[in-house]
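# A structural walkthrough
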Amino acid sequence: SIQSSPTTLTKRCGNKTKSQTRVFSKADRIRVWNRAEGKCENCGSQRNLNWDHKKPFALQGGTNFENLRLLCFHCNQRAAIEIFGMEKMEFVKAQS
């Protein structure tokens, strides 16, 4: 579970530019963390937090502050199921 700071939830970009990656900038993550007060923006949980694209990256959602939110794992999964459907999410789960 993540409870300490916005920089704890970080992924590596490698050699990709920001426009080629789904990773949000540190500055945007800090702004969203502060906006959300370190809690899921949907249910208020402080456990198992995830950075989430409001409009999914797979659907050309931007990697910017306006498209970033902080969700717990369960709210993130529910949002993905609403957008992509249960069948797609079960397929993704089976691939990992």
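Residues numbered from 1 in each chain as written. Predicted model: local features only at pLDDT ≥ 70, side-chain atom pairs only at ≥ 80, totals over all residues. Heavy atoms only, no water.

On the surface, a cluster of nonpolar side chains totalling about 230 Å² of accessible area is made up of Leu59, Ile83 and Phe84. With respect to the secondary-structure elements, Ile83 resides in helix α2 (residues 73-84). (Patch = residues over 30% accessible without salt bridge, like charges linked within 9 Å, V, L, I, M, F, W, Y side chains within 5 Å. Areas by Shrake-Rupley, 256 points an atom, 1.4 Å probe, with all protein chains shown as cover. Salt bridge = Lys/Arg side-chain N within 4 Å of Asp/Glu carboxyl O. Helix = DSSP H or I, 4+ residues; strand = E, 2+ residues; numbered from the N terminus.)

The subject of this paragraph is the state of the cysteines. A complete count under the given rule lists zero disulfides for this structure. Considering cysteine sulfurs only, Cys72 is the nearest to Cys75, which forms no disulfide, with 3.6 Å between them. (Disulfide = S-S within 2.5 Å.)

Let us now look at α2. Across its twelve residues, α2 extends 16 Å between first and last C-alpha, which sits within 8% of the 16 Å expected from 1.5 Å per residue. Buried within α2 are the following residues: Cys75, Asn76, Ala79 and Ala80. Down the axis of α2, the buried set is contained in an arc of 140°. They therefore lie on one face. Exposed residues lying more than 90 degrees from the buried face of α2 are His74 and Glu82. After α2 finishes, the residue Gly85 shows a positive phi value of roughly 90°. (Expected span 1.5 Å × (residues − 1). Buried < 20%, exposed > 50% of the residue type's maximum accessible area, 1.4 Å probe, protein only. Arc of directions from axis to C-beta.)

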